[in-house]
Amino acid sequence: MFHESAFLQYPSKKRLMSSLRSLSGSYVTEDIDKVVFVHETMKNIVLFCIAKTFMKTVIKYCKTEVFLDHIRLDCIDAEQDVLAIKVPTEHQETYFRRLVLELNNGLISTIFTNQQNKCEIFRCMFLKYIQEHLEDFHMNNTQKCIAMHVISTNGYREYVSFFLQDKSMAKIKDSAGNTPLHTACKNGHLEVVTNLIETNSKIYIANTEGIKPLFYACENNHLEIVKLLLTTRLKEKVKINEKYLTKGNRGVLHVVAEQGFTDLAMFLLKMKADVNIRDVRERTPLHLASKTEHSSMIPVLLEYKANINAIDVGERTPLYVACSRNQKEIVKILIDNKADINLKIRRKCDLCMLRQFGSIEIVKLLIENGAKLLKNESERCVVPLHQACKNDNEDIVKYLIICGSLVNHKNQ
């Protein structure tokens, strides 16, 4: 330590140990030829104090977790949640040499997800050191694959560009079958996606679940990435209306409509997305949008000719779905756009199809717009009054009776 720190005189080991032993009991415990701090906080404080004098030694020999959690470059101005040891400019090379050593030892994810990597200045400095010392950089292909996925997930474009000097890195897969393009699309890193596409990464490749990059970009509302994927001039084209088996046979428009990503939905529709695409339960995007609070999505879908009276396997229309979820604003929009309130399916009575509603405001809205309580008094079927009584909706029961519901009507 003293030699590395260029001390002209070295204190005796015996004297040092004597001073440390004097702290025994309250602060340290003795073990053969060393002492160990009792308290972690005390150890960190002492390390912080001696690091200013023995910086090079601390960087080279401290435990890995201490190195990663407590040592920071002095030039990086970032908030710290720990007692940080600041590395001055003259010791930066020693610091980066230790980072490369830990990378070579396999701590790929730990190094590249370290807090300092969020700073572009740090990434550029570290990358410059690596490029100037390639002879010390000994990551094998497996380690490089891990690194590629970590940096793609985090959007570190500088590192991505470095690893893409080997173009095969653009096509590697993780244990779930995801390529770097999958993870970059999922996390919204446009520059990384652009870089990968320019390196001829396959844009229409599925992971083990059968999911392709476009689905992840749509699922997370990354509009610019979706635009890039759908307008790229590569020979490999993305299928906008593909259905994903592991996602209930949904297409990307289903996902976007349900999440309420209006701008993205408009772009997909302009790119010829099928507005009436059906999932495994025969639901259209309008069905899924109608059960949410995203009322702005409904006019967008209707503008592109969504079937307002589409029926799913449970014999539900978008209007039925909106009523069952108490989405009054959406109910009004659908009614204003000529949704069939009295649509009769099989032997179920009209308003009874909306049996799950619990909002009297919606009941009034339906009846005021022509919903019929019963078409044929002789027909023995379940009517709205049956369901209101069954669901203990007293206000709705009163209102239906006022509107003329037959209190003695029998079902089958």
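Quick notes on the rules
Residues take numbers from 1 onward in each chain, read along the sequence in its written order. It should be noted that, the model being predicted, local features are given only for residues of pLDDT at least 70 and side-chain atom pairs only at 80 or more, the latter also being counted only at that level, while totals for whole chains, interfaces and linings use all residues. Excluded from the side-chain calculation are hydrogens and water; included are all heavy atoms of the structure. By nonpolar core is meant a set of buried Ala, Val, Leu, Ile, Met, Phe, Trp, Tyr and Cys residues that side-chain atoms within 4.5 Å join together. In this scheme, a residue with accessible area under 20% of its type's maximum is buried, one over 50% is exposed, and one in between is partly exposed, where area comes from a 1.4 Å probe on protein chains only. Throughout, a contact is declared for two residues whenever any of their heavy atoms are within 4.5 Å. Runs of E in the DSSP output that reach at least two residues are strands. Runs of H or I that reach at least four are helices, and both are numbered from the N terminus. Stacked, tilted and edge-to-face are the three classes applied to pairs of Phe, Tyr and Trp rings, where Trp contributes its six-membered ring and a pair requires centres within 6.5 Å; stacked means planes under 30 degrees apart, edge-to-face means over 60, and tilted covers the rest. UniProt positions are given in the numbering used here, feature names are shortened, and annotations may be inferred rather than shown by experiment. Points on a 1 Å grid over protein atoms alone make up a cavity when a 1.4 Å probe fits among them but cannot get out, and a pocket when they form an open set with protein on both sides within 12 Å along at least five of seven lines; lining residues each have an atom within 4 Å of a point. Grid points are joined across faces, edges and corners, and a volume is the space filled by probe spheres set on the points. Any residue outside Ala, Val, Leu, Ile, Met, Phe, Trp, Tyr, Cys, Pro, Asp, Glu, Lys and Arg is labelled polar, Gly included; the first ten of those are nonpolar and the last four are charged. Whether two strands pair comes down to DSSP finding at least two bridges between them. Note that the arc is computed from the directions linking the helix axis to the C-beta atoms.

**Description of the nonpolar core**
- Counting 101 residues, the largest nonpolar core has Tyr95, Phe112, Phe126 and Leu268 as its most contacted members.
- Each residue touching Tyr95, except ones within four places of it in the same chain, is listed here: Ile59, Phe67, Ile71, Leu73, Val87, Gln116 and Phe122.
- Of all hydrophobic cores here, the second largest spans 11 residues; its members include Ile360, Val363, Val383 and Leu400.

**Some details on the environment of Ala257**
- Residue placement: Ala257 occurs in helix α14 (residues 252-259).
- Along the backbone, Ala257 and Ala273 are 16 residues apart, and their C-alpha atoms lie at a distance of 12 Å.
- The contacts of Ala257, once residues within four sequence positions are left out, are Pro285, Ala289, Met297 and Leu301.

**Looking at the packing of aromatic side chains**
- A complete count under the given rule lists 13 aromatic pairs for this structure.
- Considering the side-chain rings of Phe126 and Tyr159, the 6.4 Å spacing of their centres and the 90 degrees angle between planes classify their relative orientation as edge-to-face. With Phe126 in helix α7 (residues 120-132) and Tyr159 in helix α9 (residues 157-163), the pair connects residues that are 33 residues apart, well separated along the chain. In this pair, the class of Phe126 matches that of Tyr159, namely buried.
- Each ring, one from Phe215 and one from Tyr244, has its centre 4.8 Å from the other, and the planes form 55 degrees; the classification is tilted. A residue pair is termed long-range when its members are at least 10 positions apart, and Phe215 in helix α12 (residues 213-219) and Tyr244 in the loop between α13 (223-231) and α14 qualify at 29 residues. Exposure class is identical for Phe215 and Tyr244. Each is buried.
- Put simply, the rings of Phe67, Tyr95, Phe96, Phe112, Phe122, Phe126, Tyr129, Phe137, Tyr156, Tyr159, Phe162 and Phe163 pair up and form one aromatic cluster.

**Thoughts on the UniProt feature "repeat: ANK" (unreviewed entry) in the protein chain**
- Within this structure's numbering, the places UniProt gives as "repeat: ANK" (unreviewed entry) are residues 176-208, 248-280, 281-313, 314-346 and 380-412.
- Summarising residues 281-313: 39% helix, 0% strand, and an end-to-end C-alpha distance of 6 Å.

**Here's the deal with the layout of surface pockets**
- Each pocket or cavity is described by its volume, and for the largest pocket that value is around 1,100 Å³.
- Among the secondary structure elements, those contributing two or more residues to the lining of the largest pocket are α1 (13-21), β2 (34-37), α2 (40-51), α3 (55-61) and α4 (64-70).
- Of all the elements, α2 adds the most residues to the lining of the largest pocket, at 5 residues.
- Its residues placed into classes, the lining of the largest pocket shows 17 nonpolar, 3 polar and 8 charged.

**Some points on the pairing of β2**
- Across 4 bridges, strand β1 (residues 28-31) lies against β2 in antiparallel orientation. Paired with Val28 across the strands is Phe37, a residue of β2.
- Where β1 hands over to β2, the hairpin turn is made up of 2 residues, of which Ile32 adopts a positive phi near 55 degrees.

**Here we look at unusual backbone geometry**
- Of note, Asn200 is a non-glycine position whose phi angle comes to about 65 degrees, a positive value.
- Note on placement: Asn200 falls in the loop between α11 (190-198) and α12.
- Notably, Lys305 is not glycine yet its phi reads approximately 70 degrees, a positive angle.

**A short note on helix α22 (residues 394-402)**
- Among the residues of α22, Ile396, Val397, Tyr399 and Leu400 are the ones counted as buried. Seen end-on, α22 carries its buried residues on one side only, within an arc spanning 165 degrees. Turned more than 90 degrees away from the buried face of α22, the exposed residues are Glu394, Asp395 and Ile402.
- Taken together, the buried residues of α22 touch α20 (360-368) and α21 (384-390).
- Directly after α22, the chain includes Gly404, whose backbone phi takes a positive value near 105 degrees.

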